[in-house]
Amino acid sequence: GQNIDQPTEMTATEGAIVQINCTYQTSGFNGLFWYQQHAGEAPTFLSYNVLDGLEEKGRFSSFLSRSKGYSYLLLKELQMKDSASYLCAVRDGDYKLSFGAGTTVTVRA
Amino acid sequence: IAGITQAPTSQILAAGRRMTLRCTQDMRHNAMYWYRQDLGLGLRLIHYSNTAGTTGKGEVPDGYSVSRANTDDFPLTLASAVPSQTSVYFCASSAVAGQSTDTQYFGPGTRLTVL
């Protein structure tokens, strides 16, 4: 399998910015995905990176460095509804998707 | 609303019993997947199907079987359930397997408890 690491938990204040890091080691690379998962619900797609650099989607941005095996998800202007788990997933050379264990973000008022 | 449905929503099962989890999608996606999600371990792939009529083994296939008779349905069967199969099971689908841009979309999940 693949080795995908991300922090277990993060806490931040409403209106702040939080950066969730993800490091990976894979046999081949065909893209990195970020999913959001609220407690008791299904994961929902947030972003996709296959080339180095920053992808911005409203309050969420995702960055990739393939040479460093590193990505981050940046959540800006945090809202209470952003409290959720954020899953980093890497597609390997065989196009299989492997998931990290997820980072639980808690937004406090 | 188009998407993926799973049934049942939750189930408590005695060890040794046979159980089939159902998954149906109406997006005409070629590829479908079954994952289990356990605390601290993230989502792990059980079985997948790149297209109707074909299936493959994922990371944790033992004790599970699948079939893909048509595009829409992808049932997961536990032939003889064991307590270690207690988990939340997610079905997912994607348009075309084998492309880097292919995005997987997930069903609502089935919470299974094996006693």
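Nothing here was measured: the structure is a model prediction, and the numbers come from that model. (Residues numbered from 1 in each chain as written. Chains lettered and ligands numbered in written order. Predicted model: local features only at pLDDT ≥ 70, side-chain atom pairs only at ≥ 80, totals over all residues. Heavy atoms only, no water.)

(A) Seen up close, the side chain of A:Asn30. Among the secondary structure elements, A:Asn30 is positioned in the loop between strand 3 (18-25) and strand 4 (32-37). A distance of 2.9 Å separates the side chain of A:Asn30 from the backbone oxygen of A:Asp92, its partner in a polar contact. Apart from the residues within four sequence positions on either side, A:Asn30 is in contact with A:Tyr48, A:Val50, A:Arg91, A:Asp92, A:Gly93, A:Tyr95 and B:Ser100. (Helix = DSSP H or I, 4+ residues; strand = E, 2+ residues; numbered from the N terminus. Polar contact = N/O pair within 3.5 Å; in protein donor to acceptor, adjacent residues only side chain to side chain. Contact = heavy atoms within 4.5 Å.)

(B) Geometry of the nonpolar core. Residues and elements named next belong to chain A. Formed by 20 residues in total, the largest nonpolar core has its most connected members in Ile20, Leu32, Trp34, Leu73, Leu75 and Tyr86. Among the elements of the structure, strand 3, strand 4, strand 7 (60-65), strand 8 (70-75), strand 9 (84-91) and strand 11 (103-108) are those that each provide at least two residues to this core. Look past the residues within four positions of Leu73 in its chain and what remains in contact with it is Val18, Gln19, Ile20, Trp34, Leu46, Ser47, Ser61, Ser62 and Tyr86. (Core = buried A, V, L, I, M, F, W, Y, C linked by side-chain atoms within 4.5 Å. Buried < 20%, exposed > 50% of the residue type's maximum accessible area, 1.4 Å probe, protein only.)

(C) Layout of the interface of chain A and chain B. Counting residues at the interface gives 18 residues for chain A, matched by 19 residues for chain B. When chain A packs against chain B, close to 1500 Å² is buried across both sides, 58% of that on carbon and sulfur atoms. The largest per-residue losses of area from chain A upon contact with chain B belong to A:Tyr95, A:Lys96 and A:Phe99, which jointly make up 28% of the total buried on that side. Inspection of the chain A/chain B interface yields zero salt bridges. If you look at where chain A meets chain B, you find three residue pairs in polar contact (both at pLDDT 80 or more). A total of three residues in the side of chain A that touches chain B trace back to one element, the largest contributor, which is strand 4 of chain A. A breakdown of the residues in the side of chain A that touches chain B according to their chemical character gives twelve nonpolar, three polar and three charged. (Buried area = accessible area lost by both parts, 1.4 Å probe. Salt bridge = Lys/Arg side-chain N within 4 Å of Asp/Glu carboxyl O. Nonpolar A, V, L, I, M, F, W, Y, C, P; charged D, E, K, R; others polar.)

(D) Layout of the layout of surface pockets. Approximately 740 Å³ is the volume found for the largest pocket. Forming the walls of the largest pocket are 34 residues, and the residues nearest its centre are A:Gln37, A:Ser85, B:Gln37, B:Asp38 and B:Leu39. The set of elements that each furnish at least two residues to the lining of the largest pocket consists of strand 1 (3-5), strand 9 and strand 11 of chain A together with strand 4 (31-38), strand 9 (87-94) and strand 11 (110-114) of chain B. Residues belonging to the lining of the largest pocket are distributed by class as follows: ten nonpolar, 19 polar and five charged. (1 Å grid on protein atoms, 1.4 Å probe; cavity = no way out; pocket = protein on both sides within 12 Å on 5 of 7 lines; lining within 4 Å. Points joined across faces, edges and corners; volume = space filled by probe spheres on them.)

Function cannot be read off these values alone, since they describe shape.
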